[in-house]
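# Tertiary structure, described
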Amino acid sequence: NDIKPTKVSYATVMNAWAKVGTTEAAEHAEMLLNSMIKKSQVQPDTVVFNAAINAWAASKDQQAGKRALGILRKMKTMAKEGFDSRPNIVTYNTVLSAWSHSGDVNAAPYTEKIVQEMQTASTESNEALVPNTVTFNTILNAWAKSKLPGSAIRAQKVLDYMIKS
């Protein structure tokens, strides 16, 4: 029997779970990713990791940001070990989206912290991970939803930065 799943097979199923948009679906996508890492002869690449992160972003679960960030960390570790799993701008923007939609009280500050990490990673790896309009709009969205004191002021500062850039 020559029928074997490929990276595309796994990513497609994870994207199907993401479309369900629930916590349980995101857990299924992450379990699939973990089983792929542990048991499969096919190792996940950036696209597969991004699909699992997207399932958390779509779930809008309060833990979505934390779970997406955990997958990002795993991705970076595997990339350092030589796997084809280096995070890209889509990865970071999807993690930001997971935080933005999570309802976590500290989501907005986390989005800014993650962008700082992205810029540090870009400098360290000599890869162009440059925040784009999606990046900043996602940060703005997180601040707009935030109930932290000074959220509107912080959103205005992000917008002002975008205008000057």
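Check the entry above for the structure.
First, a word on scope: everything that follows refers to the structure included in this document. These numbers were taken from a predicted model, which means no experiment stands behind them.

### Brief notes about the nonpolar core
Formed by 43 residues in total, the largest nonpolar core has its most connected members in M14, L33, I71, Y92, V95 and I114. Only helix 1 (7-20), helix 2 (23-39), helix 3 (46-59), helix 4 (64-80), helix 5 (89-100), helix 6 (107-125), helix 7 (133-145) and helix 8 (151-164) provide two or more residues apiece to this core. If you tally residues by element for this core, the top one is helix 3, at 8 residues.

### Looking at unusual backbone geometry
Where the residue is not glycine, phi is negative for most of them; where a peptide bond is considered, it is trans in most cases. A positive phi angle, near 60°, is found at K60, a position not held by glycine. When you line up the elements, K60 lands in the loop between helix 3 and helix 4. Exposure remark for K60: the relative accessible area of 51% places this residue in the exposed category.

### Some remarks on the side chain of T91
If you trace the backbone, T91 turns up in helix 5. Take T91: its relative accessible area is 0%, and that puts it in the buried class. In this structure T91 touches T46, N50, I53, L72 and M75, once residues within four positions along its chain are discounted.

### Looking at the packing of helix 7 against helix 8
Helix 8 packs onto helix 7 with a crossing angle of 165° between their chain directions and a minimal axis gap of 9 Å. Relative to helix 8, helix 7 is oriented roughly antiparallel. As helix 7 packs across helix 8, the resulting crossing turns out to be left-handed. For the pair formed by helix 7 and helix 8, the contact residues are T133, F136, N137, I139, L140 and W143 on the first element and S151, R154, A155, V158, L159, Y161 and M162 on the second. Classifying every residue of the contact of helix 7 with helix 8 gives 9 nonpolar, 3 polar and 1 charged.

### Topic: the side chain of D45
Relative to the helices and strands, D45 is located in the loop between helix 2 and helix 3. For the buried D45, no salt bridge is present, and the opposite-charge side chain at shortest range is K7, 4.3 Å distant. A polar atom in the side chain of D45 sits 3.2 Å from the backbone nitrogen of V47. With near-sequence residues (within four places) excluded, D45 lies in contact with K7, D84 and S85.

What counts as what
Residues numbered from 1 in each chain as written. Predicted model: local features only at pLDDT ≥ 70, side-chain atom pairs only at ≥ 80, totals over all residues. Heavy atoms only, no water. Core = buried A, V, L, I, M, F, W, Y, C linked by side-chain atoms within 4.5 Å. Buried < 20%, exposed > 50% of the residue type's maximum accessible area, 1.4 Å probe, protein only. Helix = DSSP H or I, 4+ residues; strand = E, 2+ residues; numbered from the N terminus. Contact = heavy atoms within 4.5 Å. Axes fitted to C-alpha atoms, helices over the stretch in contact; angles between N-to-C directions. Parallel < 35°, antiparallel > 145°, perpendicular 65-115°, else oblique. Left-handed = near helix turned anticlockwise from the far one by under 90°. Nonpolar A, V, L, I, M, F, W, Y, C, P; charged D, E, K, R; others polar. Lys, Arg positive; Asp, Glu negative; His and termini not counted. Salt bridge = Lys/Arg side-chain N within 4 Å of Asp/Glu carboxyl O. Polar contact = N/O pair within 3.5 Å; in protein donor to acceptor, adjacent residues only side chain to side chain.

By themselves, these observations are geometric and do not establish any function.
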